[in-house]
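In case you want the letters, here they are:
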Amino acid sequence: MQNTFFAKNPSILIFIGLLALFTLFVTVGSEATGMGFISTSFVKTLGKTLCLCLIALAMDLVWGYIGILSLGHFAFFGLGGYMIGMWLMYERTRDIVMGSLMNAALPPTPTEIRDAIGGQIFGVVGSNQFPAVWAFAHSLPLQLILVVLVPGLLALVFGWLAFRSRVTGVYLSILTQAMTLALSLYLYQNESGLRGNNGLSGLQNLPHLDAVPQSLISIWFFWASALALALGYLLCAWVVSGKFGSVIRGIRDDEQRVRFMGYSVEGYKLFVFVLTAVIAGIAGALYYPQAGIINPGEMAPIASIYLAVWVAIGGRGRLYGAVLGAAFVSLVSTWFTGGQVPSIPLGFYTVDWVDWWLVLLGLSFVLVTLFAPQGIGGLVDLIAGKLAPNRHGAPLGPDQGSLREEEAEK
Amino acid sequence: MIFKTSGRLAALLCALALAHGTAALAQDGAPTQTETPPQASEAPGEAPGATASAAMPALSPIQSLLQANRDLIEAASRRTIQPAIDALATSGLPQAQSVLEKWQAREMWQRDSDGLFFYAEEVDRDTLRIFDFSTGEPLGDMPEDDFTQLKPNSGIRGLMGAALVSFQLNSDDPAVRGAALAGIERDGDASHLAPLRSVLDKDMDAANRARAERLERLLTVRFGESDAERVEAIGYFNGDLGVDARAALNPLVATTLRVGTTLPEGGNVARTLKVGSDALPRLEAYALLVDNDLAPPLLTVADNRAALEANIVDGQVGGIAVADLDSDETRARAYAALAAEGTVPLAATPDEIDTILDGFTFYETFAEPSALVTDAASDALTGIGTKVGFNQFLDLSLDGLSLASIYFLAAIGLAITFGVMGVINMAHGEFIMMGAYTGYVVQQIIPDYTLSLIVAIPAAFAVTFAAGVAMERLIIRWLYNRPLETLLSTFGVSIALQQLAKNIFGTQARPLTSPSWLDGSFQLNDVVGISYIRIAIFVLALIFLGIFLFIMKKTRLGLETRAVTQNPRMAASMGINPDRVNMLTFGLGSGIAGIAGVAIGLYAKVTSELGADYIVQSFMTVVVGGVGNIWGTLLGATMIGFLQKGIEWFNPANTLAAQTYMIIFIIIFIQFRPRGIIALKGRAAGD
Amino acid sequence: MSQLLEVSGVSVSFDGFKAINNLSFSIGEAEMRAIIGPNGAGKTTFMDIVTGKTKPNAGTVLWGEMSRNLIGMNEAKIARIGVGRKFQRPTVFEDQSVFDNLMMAVKNTRAPWSVLFFKPKFKDIAKVEELASEIGLSDQLKRKSGELSHGQKQWLEIGMLLAQDPRLLLVDEPAAGMTLAEREHTTDILKRTAKTRAVVVVEHDMEFVRRLECKVTVLHEGSVLAEGSLDHVTANPQVIEVYLGR
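Reading guide: rules and limits
- Residues numbered from 1 in each chain as written.
- Chains lettered and ligands numbered in written order.
- Predicted model: local features only at pLDDT ≥ 70, side-chain atom pairs only at ≥ 80, totals over all residues.
- Heavy atoms only, no water.
- Helix = DSSP H or I, 4+ residues; strand = E, 2+ residues; numbered from the N terminus.
- Rg over C-alpha atoms; globule rule 2.2 N^0.38 Å.
- Buried < 20%, exposed > 50% of the residue type's maximum accessible area, 1.4 Å probe, protein only.
- Contact = heavy atoms within 4.5 Å.
- Buried area = accessible area lost by both parts, 1.4 Å probe.
- Salt bridge = Lys/Arg side-chain N within 4 Å of Asp/Glu carboxyl O.
- Polar contact = N/O pair within 3.5 Å; in protein donor to acceptor, adjacent residues only side chain to side chain.
- Nonpolar A, V, L, I, M, F, W, Y, C, P; charged D, E, K, R; others polar.
- Phe/Tyr/Trp six-rings, centres within 6.5 Å; stacked < 30°, edge-to-face > 60°.
- Lys NZ or Arg CZ within 6 Å of the ring centre and 35° of its normal.
- Core = buried A, V, L, I, M, F, W, Y, C linked by side-chain atoms within 4.5 Å.
- Pairing = 2+ DSSP bridges.
- UniProt positions renumbered as here; feature names shortened; annotations may be inferred.
- Domains from an automatic or database assignment.
- Axes fitted to C-alpha atoms, helices over the stretch in contact; angles between N-to-C directions.
- Parallel < 35°, antiparallel > 145°, perpendicular 65-115°, else oblique.
- Left-handed = near helix turned anticlockwise from the far one by under 90°.

### A short note on the overall build of chain C
When helices and strands are counted, chain C shows ten helices and ten strands. Computed over its C-alpha atoms, the radius of gyration of chain C comes to 18 Å, within 12% of the 18 Å expected for a compact globule of 246 residues. Taken along its principal axes, the extent of the C-alpha atoms in chain C is 55 × 40 × 40 Å. Buried positions account for 55% of the 246 residues belonging to chain C. The long-range share in chain C, meaning contacts at least 24 apart out of those at least 6 apart in sequence, stands at 66%.

Structural data, given as structure tokens:
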């Protein structure tokens, strides 16, 4: 089966191979494990980019393959980040607190330790009590399970409600956006127990590993992200190949038809929605320790729309397209907003790219949607000479199903 | 008359005498007091030289009066001063009021040499500018050492205040009366009651009479002599919405938590409390005992820790190794051991609390001793509470209505572009923002706020209409029937426009000031009120509804729009140019968004994120209401507005939570009505 | 003969307009039936009701030996118990190959989890090949179905319908847009199918209906106007009036 799977999808091996080469290159170039021509902060940027590629994969699965334009996947990404962030913050604070308590005359009682940690973490929101959601924060395995469980459960409940009532298309998008908005507004409150708009910080410091330099930690996370991306790619590729892939693409193109074939469309949608939410959660759990801080702003609806932008620019409906899009746009975005792009003096006005980058991104996005709906992935087709056979009419868009009649009849 | 003249003469003489220095003054002086007793002394009858000034010639009547009461004034005490004040108040002298005022304000001075009273301003530390009471004219600057300031204490000042109030209330000038009443309203006390009552018998203008009657009752509630009178006054306020009524009644039912072994006899006990109930948790009850020295303080963790740390001997505390003291249980044992040695004081342990608490009764007493009054007050407050609750509901409804009209305004453009045309325009919020910024720019050019508003509305419409037409021509028309791609590309426009606005106008909020006639608010009573700007927005929303209905139902454009959206091919074959219609309709929807932007800008600050704040709610409004139906949008806006206000009412401190719960509610609502409140049924609904 | 499907007293209205009015209809196993009627007679709505797409306001739809009521079941469930539907417009999944289209339709368990781990067995592939030869697409299996001609798409859809192995086929205008030869082929497929299953064909084209040689039900304004052989119903004056007007 392995043989046939890879034989049928040669792009998987190419992708994994390129990813491995890239990982090797970064490892060799990093400060901790190689010659040091790639700075630690850039290794972190690359690691984060890989995580964004992973969530883009999830987005492609849910949008490009089953046709749900979810504007809520960054919420799952953020939740994953929060879950791992809770453990990181708890454990790290515990280290610090224990250090100071151990110097006291009496050994601390468990209550004292807990109160001290609570005071450290929640002092900023005027409390020293642990909210109920932190019940498992002391345990890495439990929080790791939550990384998967919390986004998965949220997706399950929301998806069940939404798909059950047959909300589709734009309405579903708006509903997912509303969910994200509700979640981020909820997290903005101090009462939510996750430090309100302060969010969780100091996540780049791994507990018990103070001796390990950030340069090494960054490369560890880079490896983990690369591994997760590779596994995620394999998983997604496996899901979309075969009959399951046929069915979900069928749902994208004409869900009513699939329903009349006896497939419970809602079940498939729910399955994919939850699966991608879990992938997004894992991506978030890898991303935020590299970013160092997470706050509710990260989960604002706009972040999820950017995610859709990446996938669209990369070319939806093909997995490598999503990865390309996420990597390309986020790296270019880092480049522009980092102030590394020279300003353009126009005489009367100087175009400073830090200010104008979003305008450029917005407009280029319009252009891509209008003129290159296949995105960057379309270029791959061109290069491979694998142009779509002339079927008259516009290319197949996932949103409206198969070709419209009048286009096909031309 | 003669007195008056002579008074003036005396003043003149004084003035002349001043020119010769202070030494001259001493000549005409009566025996002076060498030692002035501390003013405001409570001990009566201490005043020496009480009979001194009986027969001063050529004194003005007011000075004579003051001199006649000199003993009382000098040795003023709350208990004894009343006759002097009464004498002044009933003298009928025109200066009596001013004397009382100056006296009350501690501006009355007595000359040590002759005991005459003046009022004075302090010029500097050592110098006074002396004025004569009878004429009000300055007599010149004199050294302070020659005078003694009269410093009435607060009790005396209160008595004077009452007398003054009486003066003012009896004034013929309604404004003065009004001011007196306002003073009592602000800070009434028992002494005001008598003058108020006396003035009620007299003729008065209706407005002031009503105020006076109300005040009389309020004061009776607080200071009335008999319970019956107070209860009757309380009865008047049943169902009264005034803040003053509640302010008068609430202290009556205020309670204090007390503790004792038994309930007190005769005290006005509100209720007894059970320890461990919600109203009185165990630890609070115990803390009360400790505060009243009825029980030893509870050993806190920190105290325990400090005590143990202070008693570490050879790595042990009370026979327990320090290393073992890492649990509350061992620490308690160690402390008990120390306490047994007598090293530390005994402290209550959690187990003992209950036994100690059992011995006491906890109860709340009213500060007001009369049970009749407190009962009446709490009845009245219950009645008021119901009515206030009803009015708050009314107020909340008005808030909800105005929020609904804001959502409606924000959504009505969408109802056209999204509801009628089916085009999902994520940049709709940015059109709202453009409208608001247009209003801001117009205001920079035209400083008159009213005029600029009149100009801004059509200008905003024009700008956003043009933007909408441009967007339709350049982007949207290529993407009809591909809603998700429309969503994404218009989102691209949205982020570009937002950033553009940031680049042009900066990130800080720009003010869009409303004309002064829109300031202030319409106040129905103390509870219900609504600002004019919200009324204006509501009216604007109604106007828009009218315009929308008119355009869609009565105009050629509306007819063509409906035709094109229902069946473009058929419409085209009937000679309608769908391109043109789509363009105009989209422009219209965008233009309305622009006008909404001006309205919202008046109400909120204009920032580049203004539109983004409203976009999700706007889409929700349209979706909840039912796509393609303006009445649905209206209902949707109403529902969301009222809902949000309703949720905020449950948790007023947290508007974020209100929004969160509202969105969750909408998600659940969509479960039951996936096509909105007013759903298109049948085949027209499509898939 | 026991009936496979019994529709009785079904009514449905959209915003006051009665699309189906007290309609009763029944079909036995292994029977072919043609439904004709002018536009707006309620033919498509009738199929919507049977397949669960539209919920009627009143009436029952009973199915099979157990007489289960189909009303209230969702589309997927109705499809799984043996009702297959072909739409008027050919709806095949155009960016997937003919093989994938057919494989998706082949009767197998439909739950997401088992589909995810599904591996085509020999008999599934054989079934696909058999169907492909029946609909004349054997050499097109690897092509994307979007590249097929209109008639081929219609056949592919019929093939997918057969692959589901339904007991009742609801076929909406199968011959629309076909050449004469293609029509004949379609008629053959349908007739052969009707030997083992119930087939309901909705059609406008009288010639096509005549070739099916089956009982005909005429719908008008949401209820049955006439029933019987084609010659019988075409002689009915009411039918003539409905079709030709006064």
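### Description of the interface of chain A and chain C
Between chain A and chain C, the residue contacts involve 32 residues of the former and 38 residues of the latter. Carbon and sulfur atoms supply 63% of the area that chain A and chain C bury against each other, a total of about 3,200 Å² over both sides. Among the residues of chain A in contact with chain C, Lys 243, Arg 257 and Phe 260 of chain A are the three that bury the most area, contributing 25% of the side total. At the boundary of chain A with chain C, the tally comes to three salt bridges. Here Arg 252 of chain A makes a salt bridge to Asp 95 of chain C, at a shortest N to O gap of 2.8 Å. On inspection of chain A and its partner chain C, the count reaches eleven residue pairs in polar contact (both at pLDDT 80 or more). Those elements giving two or more residues to the side of chain A that touches chain C turn out to be helix H8 (214-240), helix H9 (242-253), helix H10 (255-260), helix H11 (265-291) and helix H16 (405-409) of chain A. The element best represented in the side of chain A that touches chain C is H9 of chain A, accounting for eight residues. Residues belonging to the side of chain A that touches chain C are distributed by class as follows: 15 nonpolar, seven polar and ten charged.

### A short note on the packing of aromatic side chains
Where two aromatic rings form a pair, the distance of their centres and the angle of their planes describe that pair. Scanning the model with the defined rule gives 35 aromatic pairs over all chains in all. The rings of Trp 238, Phe 244, Tyr 263, Tyr 268 and Phe 271 of chain A together with Trp 113 and Phe 117 of chain C are connected pair by pair, giving a single aromatic cluster. Directly above the ring of Trp 160 of chain A sits Arg 164 of chain A, whose terminal nitrogen or CZ lies 5.2 Å from the centroid. Against the face of Phe 260 of chain A rests Arg 85 of chain C, its NZ or CZ located 5.3 Å from the ring centre.

### Details of the nonpolar core
One broad rule of soluble globular proteins: the nonpolar side chains tend to lie buried together. Membership of the largest hydrophobic core comes to 273 residues, with the highest contact counts inside it found for Trp 63 and Trp 134 of chain A together with Phe 418 of chain B. Of the residues forming this core, the biggest block, 17 residues, is contributed by H11 of chain A. Counting residues in each nonpolar core, the second largest holds 29 residues, with Val 61, Leu 168, Leu 170 and Ala 198 of chain C among its members.

### What to know about the sheet that holds strand E4 (residues 58-63) of chain C
The strands making up a sheet associate through backbone hydrogen bonding, with each pair oriented either parallel or antiparallel. One open sheet accounts for four strands, arranged E2-E1-E4-E5 (chain C); its pairing is antiparallel. Sheet topology places strand E2 (17-28) and strand E5 (68-69) of chain C at the edges, where each strand pairs with a single neighbour.

### A closer look at the interface of chain B and chain A
The interface is formed by 51 residues belonging to chain B together with 57 residues belonging to chain A. Both sides together, the interface formed by chain B and chain A hides about 4,900 Å², and carbon and sulfur atoms give 73% of it. By the criterion of area lost to chain A, the three top residues of chain B are Leu 484, Leu 488 and Gln 671 of chain B, representing 14% of everything that side buries. The interface formed by chain B and chain A includes two salt bridges. Salt-bridge contacts for Arg 331 of chain B lead to Glu 112 of chain A; the nearest nitrogen and oxygen are separated by 2.8 Å. Linking chain B with chain A are five residue pairs in polar contact (both at pLDDT 80 or more). Of all elements in the fold, only helix H14 (301-310), helix H15 (328-341), helix H20 (483-505), helix H25 (610-625) and helix H27 (655-672) of chain B reach the threshold of two or more residues within the side of chain B that touches chain A. No other element matches the 14 residues that H20 of chain B contributes to the side of chain B that touches chain A.

### Comments concerning the side chain of Ser 608 of chain B
Relative to the helices and strands, Ser 608 of chain B resides in the loop between helix H24 (578-603) and H25. Discounting residues that sit within four places of it in the chain, Ser 608 of chain B has contacts with Met 433, Tyr 437, Gln 498, Ala 501 and Lys 502 of chain B.

### Some thoughts on the UniProt feature "transmembrane region" (unreviewed entry) in chain B
As recorded in UniProt, the sites labelled "transmembrane region" (unreviewed entry) are residues 406-428, 449-471, 532-552, 583-603, 615-643 and 655-672 of chain B. Helix makes up 86% of residues 615-643 of chain B and strand 0%. Its end C-alpha atoms lie 18 Å apart.

### Here we look at the domain arrangement of chain B
Partitioning chain B into structural domains gives domain 1 (2-41 + 51-157), domain 2 (170-254) and domain 3 (392-608). Domain 2 of chain B and domain 3 of chain B are separated by 52 Å when their C-alpha centres are compared.

### Some thoughts on the sheet that holds strand E9 (residues 215-220) of chain C
Residue and element names in this part refer to chain C. Across the sheet, which stays open at both edges, the six strands sit in the order E6-E7-E8-E3-E9-E10 with mixed pairing between neighbours. At either margin of the open sheet sits one strand with a lone partner, and together these are strand E6 (83-86) and strand E10 (223-228). Neighbour-to-neighbour, the strand axes of the sheet open up by a mean angle of 20 degrees, direction not taken into account. With four bridges connecting them, strand E3 (residues 32-36) and E9 associate as parallel partners. Within the sheet, the bridge partner assigned to Arg 33 lies in E9 and is Lys 215. Where helix H1 (residues 43-51) meets the sheet, its contacts fall on E3, E6, strand E7 (168-172), strand E8 (198-202) and E9, and the angle it forms with E7 comes to roughly 150 degrees. On top of the sheet, helix H7 (residues 180-193) reaches E3, E7 and E8; it is set at about 145 degrees to E8, its chief contact.

### A look at the packing of helix H7 (residues 154-169) of chain B against helix H8 (residues 174-187) of chain B
Residue and element names in this part refer to chain B. Closest axis-to-axis distance for the H7/H8 pair is 8 Å, and the angle between their directions is 145 degrees. Here Val 165, Gln 168 and Leu 169 of H7 lie close against H8, whose contacting residues are Val 176, Arg 177, Ala 180, Leu 181 and Ile 184. Looking at the contact of H7 with H8 residue by residue, the classes come out as six nonpolar, one polar and one charged.

### Points about the packing of helix H18 (residues 428-445) of chain B against H25 of chain B
Residues and elements named next belong to chain B. Packing of H18 against H25 brings their axes to within 7 Å, and their N-to-C directions diverge by 140 degrees. Put simply, H18 runs oblique to H25. Here H18 runs over H25; the crossing is right-handed. Contacts between H18 and H25 involve His 428, Gly 429, Glu 430, Ile 432, Met 433 and Ala 436 from the former and Leu 610, Gly 611, Ala 612 and Ile 615 from the latter.

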